[in-house]
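Fold and geometry: a report
These are the residues of each chain, in order.
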Amino acid sequence: MAENKEIGAPIGVFDSGYGGLTILRDIKQRLPQYDYLYLGDNARAPYGNRSFDVVYEFTLQAVEYLFSRGCRLVILGCNTASAKALRSIQQRDLPRIAPSRRVLGVIRPTVEVLGSMSKSGKIGVMGTRGTIQSHSYDMEMAKIAPGIELFSQACPMWVPLIENKEYDQPGADYFVKKYVDMLMAQCPDIDTILLACTHYPLLADKIAQYLPSGVKLVSQGPIVSESLADYLLRHPEIESLCSRGGTVEYLTTECGGNFGELASVFLGEQVEAQHITL
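A separate point is the layout of surface pockets. Vacant regions in the atomic arrangement are exposed by a probe of water-molecule size rolled over the atoms. Within this model, the largest pocket holds a volume of roughly 690 Å³. For the largest pocket, the lining is made up of 28 residues, of which Leu86, Gln90, Gly105, Arg108 and Pro109 are closest to its centre. Taken together, the elements giving at least two residues each to the lining of the largest pocket come down to helix H3 (79–84), helix H4 (86–97), helix H5 (107–114), helix H7 (136–144) and helix H11 (221–234). Of all the elements, H11 adds the most residues to the lining of the largest pocket, at six residues. In the lining of the largest pocket, the residues fall into twelve nonpolar, eight polar and eight charged. There is about 240 Å³ of room inside the second largest pocket. Lining the second largest pocket are 22 residues, with Pro46, Tyr47, Gly48, Thr128 and Val159 sitting closest to its centre. Among the secondary structure elements, those contributing two or more residues to the lining of the second largest pocket are H3 and helix H8 (158–163). The dominant element in the lining of the second largest pocket, judged by the number of residues it contributes, is H8, at three residues. Residues of the lining of the second largest pocket, tallied by class, amount to ten nonpolar, nine polar and three charged.

Below, the structure is given as structure tokens:
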């Protein structure tokens, strides 16, 4: 892809579906001055059970599309894409297609602060099957804080509950309690649990009901937004190219009307989305 030379560009935020909207919401609160372009690959979601190769292919298509729309910095607001595609895109594709542009994920910044949140050194990680099976959190934690022990639990029913607007209904309690109990059975000394899927903050209230007293529940949005603020401070060559109009534009591979209806659940406000094809 040819380098786009214009000055000024939105910050891109990509997710396989809707969960990245919780990341975007916190980024906007922390850094309201910038322009943002959100892309949800809703027509092909969820990514959680797809193979590494397919997730990589789909994520690269999305990144290239956001680059074509002027983004010089793209945040993968999706744990599955961060786990299965980020490293390949950073190491193999960016030097070839856009050497001056950057793609960041949500796993590394989360791990950088997660260890300090636990007193026992025993941390639970709840995510999609794809994120858990990638062992990405285990590998990053081993590099950054090898004394921390992670216990992982896949929660394959949580995203469908959320995207079918059942997350706050009584029927969701069975699957929330089931996965929380399975995690805590691995180690009763877990004192911190990471919601390693950007959908899961919508279930936080229900999850908290089934946690032992004193166990801390951690969402990624505030962590990622603070990490991005720090990144822009440390990389003025990127920050100076980010346009500052305080705008947000939403793109989806699904019907725009369908996206807007569910996006309002994540954002707490009505939005309109443009349909695009990857």
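The structure having been displayed, the exposition proceeds.
Read across the open sheet, the four strands follow the order S6-S5-S7-S8; overall the sheet is parallel. The sheet is open, and its two borders are formed by strand S6 (149–154) and strand S8 (216–218), each paired with just one other strand. Taking the axes of each pair of neighbouring strands and ignoring which way they run, one obtains an average angle of 25° across the sheet. Of the pairings in the sheet, the one linking strand S5 (residues 122–127) to S6 comprises six bridges and is parallel in character. Across the sheet, residue Val125 finds its bridge partner in S6, namely Ser152. Across the face of the sheet, H7 comes into contact with S5, S6 and strand S7 (192–195) while running at roughly 170° to S6.

Here we take up unusual backbone geometry. Following Ala45, the chain continues to Pro46 via a peptide bond in cis, the omega torsion being 0°. Note on placement: Pro46 falls in the loop between strand S2 (36–40) and helix H2 (52–68). Even without being a glycine, His135 presents a positive backbone phi close to 60°. Classification of His135 by relative accessible area gives partly exposed; the value is 46%. In the Ramachandran plot, Lys165 falls in the positive-phi region, its phi being about 60° despite a non-glycine side chain.

As a further point, take the pairing of strand S3 (residues 73–76). Residues of S3 alternate between two faces, with Leu73 and Ile75 on one and Val74 and Leu76 on the opposite face, all of them buried. For strand S1 (residues 11–15) and S3, the ladder comprises four bridges, and the chain directions are parallel. Residue pairing in the sheet places Val13 in a bridge with Ile75 of S3. With three bridges connecting them, S3 and strand S4 (residues 102–104) associate as parallel partners. By the bridge assignment for S4, Leu73 is matched with Arg102.

Turning our attention to helix H1 (residues 20–30). Inspection of H1 places Gly20, Leu21, Thr22, Ile23, Leu24, Asp26 and Ile27 among the buried residues, and these make up the whole buried set. Along its buried surface, H1 packs onto S1, S2, H11, strand S9 (248–252) and helix H13 (256–267).

It is possible for side chains bearing opposite charge to pair when their charged atoms get close. This model, assessed by the stated rule, comprises 16 salt bridges. Put simply, Arg96 and Asp93 hold a salt bridge, and the shortest N to O gap is 2.8 Å. Taken together, the positions of Arg96 and Asp93, both in helix H4 and three residues apart, correspond to about one turn of that helix. Since its relative accessible area comes to 55%, Arg96 is described here as exposed. Among the salt bridges present, the one from Lys177 reaches Asp181, with a minimum N-O distance of 2.6 Å. On the criterion of helical spacing, the pair formed by Lys177 and Asp181 is a turn pair, its members being four residues apart in helix H9 (residues 173–186). The network of salt bridges with common partners includes Arg87, Arg108, Glu112, Glu140 and Lys143.

Reading guide: rules and limits
Residues numbered from 1 in each chain as written. Predicted model: local features only at pLDDT ≥ 70, side-chain atom pairs only at ≥ 80, totals over all residues. Heavy atoms only, no water. 1 Å grid on protein atoms, 1.4 Å probe; cavity = no way out; pocket = protein on both sides within 12 Å on 5 of 7 lines; lining within 4 Å. Points joined across faces, edges and corners; volume = space filled by probe spheres on them. Helix = DSSP H or I, 4+ residues; strand = E, 2+ residues; numbered from the N terminus. Nonpolar A, V, L, I, M, F, W, Y, C, P; charged D, E, K, R; others polar. Pairing = 2+ DSSP bridges. Axes fitted to C-alpha atoms, helices over the stretch in contact; angles between N-to-C directions. Contact = heavy atoms within 4.5 Å. Buried < 20%, exposed > 50% of the residue type's maximum accessible area, 1.4 Å probe, protein only. Salt bridge = Lys/Arg side-chain N within 4 Å of Asp/Glu carboxyl O.

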